[in-house]
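# Understanding the architecture of this molecule
The primary structure of each chain is shown beneath.
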Amino acid sequence: MRVRVLGTAAGGGVPQWNCACPGCSGARAHPERRRRHASLAVRAAEGRWYLVNATPDLGEQIEDCPELHPGPEPRRTPLAGVILTDAELDHTLGIARLREADGVELHTTAPVRRALLTGLHLGDVLTPYTRLDWHELPVEGPRPAAADAGFTLDAVPVSAKRPRYATGLGGADDDAWVVALRLTDRATGRSLLYAPALAAWPDTFQRAAEEADCVIVDGTFWDDEEPRRSGFGSRTATAMGHLPIDGPGGTARRLAALGARTLYTHLNNTNPLNDPAAPQHAVLAGRGIEVAADGMVIEL
Ligand code: MLT
Ligand code: MN
Ligand code: ZN
């Protein structure tokens, strides 16, 4: 299974258009520090790829990845579909950028589909342009993304955290609002667990992490006070739905205890890890944990 990291930033990106914090200013001064919105591309077969989450940067992310370029026929694309881990705007606004396709294959849980249809009105807005083909992400047992796909997919429920636009939408507060995506290579059995939004670390997620060969998780904030200390927020990281990396309730000690290759993604622009010289990099390296980079390729 071949996975390409298309972006590693939280909502807003690095730099964020209206922000001159040290992380954003640093990325303007040093373009190699720029991070696009968190997303993956996963190869299903020769010349067929799925996106995991559809970000506002989707067009540029495809242009930067030659394996995702169209051709040789003028309108033939290697993009087979989109798999969503949640309904957050930074993971779904890119769906509208796919409207030039004849159809868009979307794999989501039931609450995410409902949010996109009744909160964002994606069906009403996009149906005049393209066809939306919905597939339910299986929560009980993996299945192939498509008959010819070299991997199976399934969702590991994480939390009932809704996007802000979906607060009043109704429907159950079940923990399929945000899931971790498990992709398993059908030939080798090796698996990737991708969880760019972790408001909680339930036992089911712990078990999935113990079974996975590679685990990529939410690294939005370094510590719980970061959003308040930066002056841009009044809530802690945990209250914003993102377990911090460091500290007693942090995710680093859990990742360090796993046998898998472990990486952080979805970095907010306030995260000190945006500075390559920050001492926090040595802390993670000492625990055997990596920070994902845009363009990185992971072979499983
Ligand atoms: C989040 O991860 O908390 C959301 O994506 C925030 C946002 O995009 O506004
Ligand atoms: Mn986000
Ligand atoms: Zn900033």
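Everything below is about the structure shown above.
The following paragraphs examine the structure supplied in this document. Owing to the predicted nature of the structure, the values given are computational and were not obtained by experimental measurement.

### Considering the site of ligand 1
In the region of ligand 1, the neighbouring residues are Gly11, Glu88, Asp90, Lys161, His242 and His266. Between ligand 1 and His242, the relevant distance is 2.7 Å, taken from an oxygen atom to a side-chain nitrogen or oxygen of the residue. Between His266 and ligand 1, the recorded distance is 3.4 Å, taken from a side-chain N or O atom to an oxygen atom. Protein contact buries 70% of the 270 Å² of open area that ligand 1 shows by itself. By residue class, the composition of the shell around ligand 1 is no nonpolar, three polar and three charged.

### What to know about the pattern of salt bridges
Counted under the stated rule, the structure contains 16 salt bridges. Across the pair Arg48 and Asp148 runs a salt bridge whose closest N-O atoms are separated by 2.9 Å. With Arg48 in strand 3 (residues 48-52) and Asp148 in the loop between strand 7 (143-144) and strand 8 (151-159), this pair connects stretches of sequence that are 100 residues apart. Overall, Arg48 belongs to the partly exposed group, its relative accessible area being 27%. The shortest N-O distance in the salt bridge between Arg228 and Glu225 comes to 2.8 Å. Arg228 sits in the partly exposed class, given a relative accessible area of 39%. Among the residues examined, Glu225 registers a relative accessible area of 33% and is labelled partly exposed. The network of salt bridges with common partners includes Arg2, Arg4, Glu67 and Glu299.

### Some details on the coordination of the zinc ion (ligand 3)
At 2.2 to 2.3 Å from the zinc ion (ligand 3) lie its protein donor atoms, namely Cys19 (SG), Cys21 (SG) and Cys24 (SG). Donor residues for the zinc ion (ligand 3), ordered by position in the chain, follow C-x1-C-x2-C. Residue classification places Cys19 among the buried positions, given a relative accessible area of 10%. Under the relative-accessibility criterion, Cys24 is labelled buried at 0%.

### A few points about helix 4 (residues 110-119)
Where helix 4 is concerned, the buried positions are Pro111, Val112, Ala115 and Leu116. In an axial view of helix 4, the angular spread of the buried residues amounts to 135 degrees, which keeps them on one side of the axis. The elements touched by buried residues of helix 4 are helix 3 (89-92), strand 5 (103-108), helix 5 (122-126) and strand 6 (131-136). One or two positions beyond helix 4, positive phi appears at His121, with a value near 55 degrees.

Cut-off values and rules
- Throughout this description, residue numbers start from 1 for each chain and increase along the sequence as written.
- Both sets of labels track the order of writing: A upward for chains, 1 upward for ligands.
- pLDDT decides what is reported in this predicted model: residues at 70 or higher carry local features, side-chain atom pairs at 80 or more are listed and counted, and totals for whole chains, interfaces and linings draw on all residues regardless.
- Hydrogen atoms and water are omitted, and side-chain values are computed over all heavy atoms in the structure.
- Consider each residue's heavy atoms; a residue with any of them within 4 Å of a molecule or strand counts as near.
- A 3.5 Å cut-off defines polar contacts: any pair of N or O atoms within that distance qualifies, except that in protein one atom must be a possible hydrogen donor and the other a possible acceptor, and neighbouring residues in sequence count only when both atoms are side-chain atoms.
- In short, Shrake-Rupley with a 1.4 Å probe defines the accessible areas, and a residue's cover is counted only from the protein chains shown.
- Under the scheme applied, nonpolar residues are Ala, Val, Leu, Ile, Met, Phe, Trp, Tyr, Cys and Pro; charged residues are Asp, Glu, Lys and Arg; polar residues are all the others, including Gly.
- Here, a salt bridge means any side-chain nitrogen of Lys or Arg that lies within 4 Å of a carboxyl oxygen of Asp or Glu.
- A run of DSSP states H or I qualifies as a helix once it reaches four residues; a run of E qualifies as a strand once it reaches two. Both are numbered from the N-terminal end.
- Remark: exposure states derive from per-residue accessible area (1.4 Å probe, protein chains only) relative to the maximum for the residue type, with buried under 20%, exposed over 50%, and partly exposed in between.
- Water is not part of the atom set, so a site may look incomplete; the donors themselves are N, O and S atoms within 2.8 Å of the metal, or 3.2 Å for Na, K and Ca.
- The arc in question is traced by the directions running from the helix axis to the C-beta atoms.
- Contacts are assigned to residue pairs with any non-hydrogen atoms lying within 4.5 Å of each other.

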